[in-house]
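Below, each chain spelled out in residue letters.
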2 protein chains.
Amino acid sequence: MYERMKTQIEEAQEGIISSQMKAVAAAEGIEAEDLCRSIAAGEAVIMTRGRCSIGIGRGLRTKVNVNLGTSTSRVHPEEEVEKARIAELHGADTITDLSTGGDITAIRRTIFAATALPITTVPIYQAAAGIGIGNLTAEDVLATLKHQAEEGVSSFVLHAVSREMIDAAWDGERIMGVVSKGGSMTAAYMLTHDAENPFVEHFDEVLAILREHDIVLSLGNTMRSGCIHDEMDEAQKGEMRQNARLAAYAHERGVQTIVEGLGGHVRADRIPVYLRRYREHSPAPLFVAGPLPIDTAVGYDHIAGCVGASIASGAGADYLCYLTPAEHLSLPTPDQVRAGLIAFKIAAHIGDSIKYGMDDEDLALARSRSRLDWDGQVAHAIDPETARALAPEPGPCTMCGDFCAVALMKRLREQR
Amino acid sequence: MYERMKTQIEEAQEGIISSQMKAVAAAEGIEAEDLCRSIAAGEAVIMTRGRCSIGIGRGLRTKVNVNLGTSTSRVHPEEEVEKARIAELHGADTITDLSTGGDITAIRRTIFAATALPITTVPIYQAAAGIGIGNLTAEDVLATLKHQAEEGVSSFVLHAVSREMIDAAWDGERIMGVVSKGGSMTAAYMLTHDAENPFVEHFDEVLAILREHDIVLSLGNTMRSGCIHDEMDEAQKGEMRQNARLAAYAHERGVQTIVEGLGGHVRADRIPVYLRRYREHSPAPLFVAGPLPIDTAVGYDHIAGCVGASIASGAGADYLCYLTPAEHLSLPTPDQVRAGLIAFKIAAHIGDSIKYGMDDEDLALARSRSRLDWDGQVAHAIDPETARALAPEPGPCTMCGDFCAVALMKRLREQR
């Protein structure tokens, strides 16, 4: 008789330390038993593809996701593959393939081949782009889920948007309305066909597919605010409650779950407030896109987003979705992918310094810097390649020349 | 009989609203009477050069300073002039000329000619570079001050470092020691000649020069931490108390004063803590360089610094000194000056959104974005030039193509 493999949650709840838990605990420098308990409690998940296992959640380093993929107006699969390589090379933890243009299955396969990292998809994208929202059925949506699950996708983003949330967004004071692509596709299916949310209506079936392959459920953030003005209205509060409820339900059924929230545009001082509110609703790892603390950093949203993500991760967000300089403007180029990724690795590191205190890397870098040891600084830099390219010749840098404070004070101290 | 012009403080204390106060109040959209009261109380200053007046302090928008200038190992005056033009073009509030290489007076004059912005200098740089620390006397230092004051410098940075602070830094646990260039030059003069701090010893004379020209005194931050590990030790605490004391003394004598502090490397969660502590010591506007919340963002210190500066200005810092991607590595190129400036304008805007709530620019940008109006988004962007270069053709962007959530939801709503 065929016996389904146990999910990480099911193993954790039986006290079994899986090989994935061992690998993640070793990478994080924590006890596997602690990780096992967090997974059993739904406070952490492991996203896996092949031999690559990434832990996300309580007690773990803040992780960074890179979005890539074609759109209907720009289909250059070779560029998306290059982005995947850049993401892995520069330290992304996971990749999300958001392709909606071209042969989506073929593109996903080339991305699979280009990187070992866990891959997330938003299955409604392929369903809507491949079949069209007008012809789509709930069966198609489930079939897409199944098809992608069998291919080895590590995590699915599903949007549990409801009629009530859509009405709340429309009847409220929002300027930007609904800005989530997957959420709007799901809403369009519901409104066009006067149908229920296919994921919520068939949630047990969805969970069965996810459990079968131990795919991480990521509950999407349809109602995220598209500008500072729109933050945390009734629609968002409703979605937070709904996602918390579904996360608890999925967890009880052995499906690892994370919740997307607090994303979009949120004023900096409110980010920790909303984070605490989320924690009152759910123990599930929190995934945030940005958030962006201002609207006006057009062309620099990776920098403004780095500020929001630093504050969010410092306040307890577990997993950051990067933004690139092209956010709101275009599909990012490979260079923009890299710029966005590094900015969010900086945010994750800042967040971790708040969560866990100073890192050994910062200490090692400071020690190298105090010796004017440029090689050491390069080795401990977040982006060693850029650091190497900018690092000066041995000795004081051209900023200081003969007046290097470190060198001058060292001489004076020796004369003391 | 020659009668010295009154300083802004002296006018404010007599209830006179100067033309500079009027100009600043109009630019800030506040009542001139409120500004006048803040200046009288030493909570705000006006930095002036010619017709350009910039207000810094309580109730005013957070300001951004751009550092530029030659070093002994890189003297390209034309590049420094280009940096000054870039700084003004992209919205810097003030410029600090830190030249230590070449003909410093001539370079300062070309920078004066290239920009209308207020100019700050660190006079010990010219004194030390021109005369040499070994030959320097307190009279030379005062003569440099006088010479630069007569030329029309808007603000001087003076380092009130003491023997006790130096000993505290050396005897403590610091990895990086003292990293302030001006502070280390001042310390080197003191230690080489077994002399008092020339600025503190002759403080009344210094204040007379500043009062004569209504130059803003900026009390430097010699003891700032050069890495996260070194933050807020006894040396820094001593300097904070000393600077607060000197600021109060200068204010009583009609000299507008700001204090540099909290600069260097400070863990993100401690920034608001230290800011509150500073406010217990002094009402003077606080000028921060960075701070950098991590050490490892080599080549990206403008981004890590943007996070620290956002948190600092949100917590009450009034004036930000930018960092460029070249920080710790080299003199910045003109492009790096621009990158650093924009990052810190983002930080100032984030800080102001925390201090004063949402800005009209954010609202206007959101309204343009909700209409997919790219021209409107460009007009309200922090860096319109970059936004224009990256903005797509009219219609949905290539990120979303046919699946623009904003357009899709609008169609659905109209069908409701």
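Not measured: the values here are computed from a predicted model. (Residues numbered from 1 in each chain as written. Chains lettered and ligands numbered in written order. Predicted model: local features only at pLDDT ≥ 70, side-chain atom pairs only at ≥ 80, totals over all residues. Heavy atoms only, no water.)

Q: If you had to explain the pairing of strand β7 (residues 216–219) of chain B to someone new, which residues and values would you point to?
A: All names here are of chain B. Here β7 shows a buried face lined by V216 and S218 and a second buried face lined by L217 and L219. Here β7 runs beside strand β8 (residues 257–260); their pairing, made up of three bridges, is parallel. By the bridge assignment for β8, L219 is matched with V259. One crossover worth recording links β7 to the parallel β8 by way of helix α12 (residues 234–252), and it is right-handed. (Buried < 20%, exposed > 50% of the residue type's maximum accessible area, 1.4 Å probe, protein only. Helix = DSSP H or I, 4+ residues; strand = E, 2+ residues; numbered from the N terminus. Pairing = 2+ DSSP bridges. Right-handed = clockwise from strand over helix to strand, strands pointing away.)

Q: An account of the packing of helix α14 (residues 301–314) of chain B against helix α15 (residues 334–356) of chain B is requested, with residue identities and associated values reported.
A: Between two packed helices, the angle of one axis relative to the other and the distance separating the axes together describe the packing. Residue and element names in this part refer to chain B. In the contact formed by α14 and α15, the axes pass within 8 Å of each other and the chain directions differ by 25°. One element, α14, and the other, α15, form an angle in the roughly parallel class. Regarding α14 and α15, the two cross each other, and that crossing is right-handed. Residues H302, G305, C306, A309, S310, S313 and G314 of α14 lie in contact with α15, whose contacting residues are A339, G340, A343, F344, I346, A347, A348, I350, G351, I354 and K355. Across the contact of α14 with α15, the residue classes tally to 10 nonpolar, seven polar and one charged. (Axes fitted to C-alpha atoms, helices over the stretch in contact; angles between N-to-C directions. Parallel < 35°, antiparallel > 145°, perpendicular 65-115°, else oblique. Left-handed = near helix turned anticlockwise from the far one by under 90°. Contact = heavy atoms within 4.5 Å. Nonpolar A, V, L, I, M, F, W, Y, C, P; charged D, E, K, R; others polar.)

Q: Quick one: what's the story with the state of the cysteines, residue by residue and with numbers?
A: Within this structure, the stated rule accounts for zero disulfides over all chains. This cysteine, C306(A), is not joined by any disulfide, and C306(B) carries the nearest cysteine sulfur, 7.0 Å off. The exposure class assigned to C306(A) is buried, which follows from its relative accessible area of 0%. There is no disulfide at C404(A), and the cysteine sulfur nearest it, in C400(A), is 5.3 Å away. Exposure remark for C404(A): the relative accessible area of 8% places this residue in the buried category. (Disulfide = S-S within 2.5 Å.)

Q: Which residues make up the sheet that holds strand β8 (residues 257–260) of chain A, and what values go with them?
A: All names here are of chain A. Taken together, eight strands build a closed barrel; the order of strands is β3-β4-β5-β6-β7-β8-β9-β10 and the barrel is parallel. Ignoring strand direction, the axes of neighbouring strands in this sheet form an average angle of 25°. Relative to strand β5 (residues 119–121), helix α5 (residues 104–114) is tilted by about 160°, and along the sheet it contacts β3 (63–68), β4 (94–97) and β5.

Q: Can you break down the pattern of salt bridges residue by residue, with the values?
A: Residues and elements named next belong to chain B. One pass over the structure, following the stated rule, counts 44 salt bridges over all chains. When the shortest N-O distance is used, the salt bridge between D34 and R37 registers 2.5 Å. A residue pair is termed a helical-turn pair when its members lie 3 or 4 positions apart in one helix, as D34 and R37 do in helix α3 (residues 32–40) at three residues. With a relative accessible area of 54%, R37 lands in the exposed category. (Salt bridge = Lys/Arg side-chain N within 4 Å of Asp/Glu carboxyl O.)

Q: Describe the relation of the copies chain A and chain B, with residues and values.
A: Aligned on chain B, chain A shows an RMSD of 0.0 Å; the corresponding rotation is 180° and the shift along the axis is 0.0 Å. What the rotation and shift describe, once combined, is the action of a two-fold rotation axis. Using C-alpha coordinates, one finds that chain A approaches the rotation axis most closely at V307(A), a distance of 2.4 Å. Taken together, the interface assignments show that 100% of the residues at the interface of chain A recur at the interface of chain B, consistent with an identical surface on both copies. (Least-squares fit on C-alpha atoms with pLDDT ≥ 70 in both.)

Q: Now, about the nonpolar core: what can you tell me, with residues and values included?
A: Counting 224 residues, the largest nonpolar core has L145(A), L210(A), L217(A), I346(A), L217(B) and I346(B) as the members making the most contacts within it. Excluding its chain neighbours within four sequence positions, the residues that come into contact with I346(B) are I294(A), A297(A), Y300(A), I303(A), A304(A), C306(B) and I382(B). (Core = buried A, V, L, I, M, F, W, Y, C linked by side-chain atoms within 4.5 Å.)

Q: Which residues make up the side chain of Q336(A), and what values go with them?
A: With respect to the secondary-structure elements, Q336(A) resides in helix α15 (residues 334–356). Residue class for Q336(A) comes out buried when judged on its relative accessible area of 12%. Among residues more than four places away in sequence, those in contact with Q336(A) are T324(A), P325(A), A326(A), L331(A) and L390(B).

Q: Describe the confidence of the model for chain A, with residues and values.
A: When the pLDDT values of chain A are averaged, the result is 96; 99% of them are 70 or greater. Among the scores for the predicted complex, ipTM is 0.97 and pTM is 0.97. (pLDDT = per-residue confidence, 0-100.)

Q: Can you tell me about the domain arrangement of chain A, naming the residues and giving the values?
A: In many analyses, interface size is given as the accessible surface area lost on bringing the parts together. Residues and elements named next belong to chain A. According to the domain assignment, chain A contains domain 1 (59–356) and domain 2 (360–415). For domain 1 and domain 2, the distance between their C-alpha centroids amounts to 39 Å. Across the boundary between the two partners, domain 1 contributes six residues, which contact five residues of domain 2. Sorting the residues of domain 1 by area buried against domain 2 places R338, I342 and H349 first, and these three jointly supply 68% of that buried surface. Between domain 1 and domain 2 we count two salt bridges in total. Between R338 and D383 there is a salt bridge, with the nearest N and O atoms lying 2.9 Å from each other. Where domain 1 touches domain 2, the interface holds four residue pairs in polar contact (both at pLDDT 80 or more). Taken together, the residues of the side of domain 1 that touches domain 2 break down into two nonpolar, two polar and two charged. (Domains from an automatic or database assignment. Buried area = accessible area lost by both parts, 1.4 Å probe. Polar contact = N/O pair within 3.5 Å; in protein donor to acceptor, adjacent residues only side chain to side chain.)

Q: Tell me about unusual backbone geometry, residues and numbers included.
A: The amide bond that connects G290(A) to the next residue, P291(A), takes the cis arrangement and shows omega of -5°. Along the chain, P291(A) falls in the loop between β9 (286–289) and α14 (301–314). With a phi angle near 55°, L372(A) is a residue other than glycine that sits in the positive phi range. By the secondary structure assignment, L372(A) is in the loop between α16 (360–370) and α17 (374–380). A positive phi angle, near 45°, is found at D214(B), a position not held by glycine. For D214(B), a relative accessible area of 18% corresponds to the buried category.

Q: Account for helix α6 (residues 123–131) of chain B, with residues named and values stated.
A: One turn of the α-helix equals 3.6 residues, which is why residues spaced by three or four share an orientation. Within α6(B), the full set of buried residues consists of P123(B), I124(B), Y125(B), Q126(B), A127(B) and A128(B). Looking one or two residues past α6(B), G132(B) carries a phi angle of roughly 95°, positive in sign.

Q: So what's going on with the packing of helix α11 (residues 203–213) of chain B against α12(B)? Residues and values would help.
A: Residue and element names in this part refer to chain B. Contact pair α11 / α12: the axes reach a minimum separation of 11 Å and the direction vectors enclose 50°. With respect to α12, the element α11 is oriented oblique. Judged by the sense of rotation from one axis to the other, the crossing of α11 with α12 is right-handed. Counting all contacts with α11, which are made through F203, D204 and L207, the residues of α12 involved are L246, Y249 and A250. Across the contact of α11 with α12, the residue classes tally to five nonpolar, no polar and one charged.

Q: Let's hear about the interface of chain A and chain B: which residues, and what values?
A: Between chain A and chain B, the contact holds 96 residues from the first and 96 residues from the second. Roughly 8,200 Å² is buried in total at the junction of chain A and chain B, and carbon and sulfur atoms are behind 71% of that figure. At the junction of chain A with chain B, the criterion picks out four salt bridges. The salt bridge involving D167(B) is made with R416(A); its shortest N-O contact spans 3.4 Å. Counting across the chain A and chain B interface gives 30 residue pairs in polar contact (both at pLDDT 80 or more).

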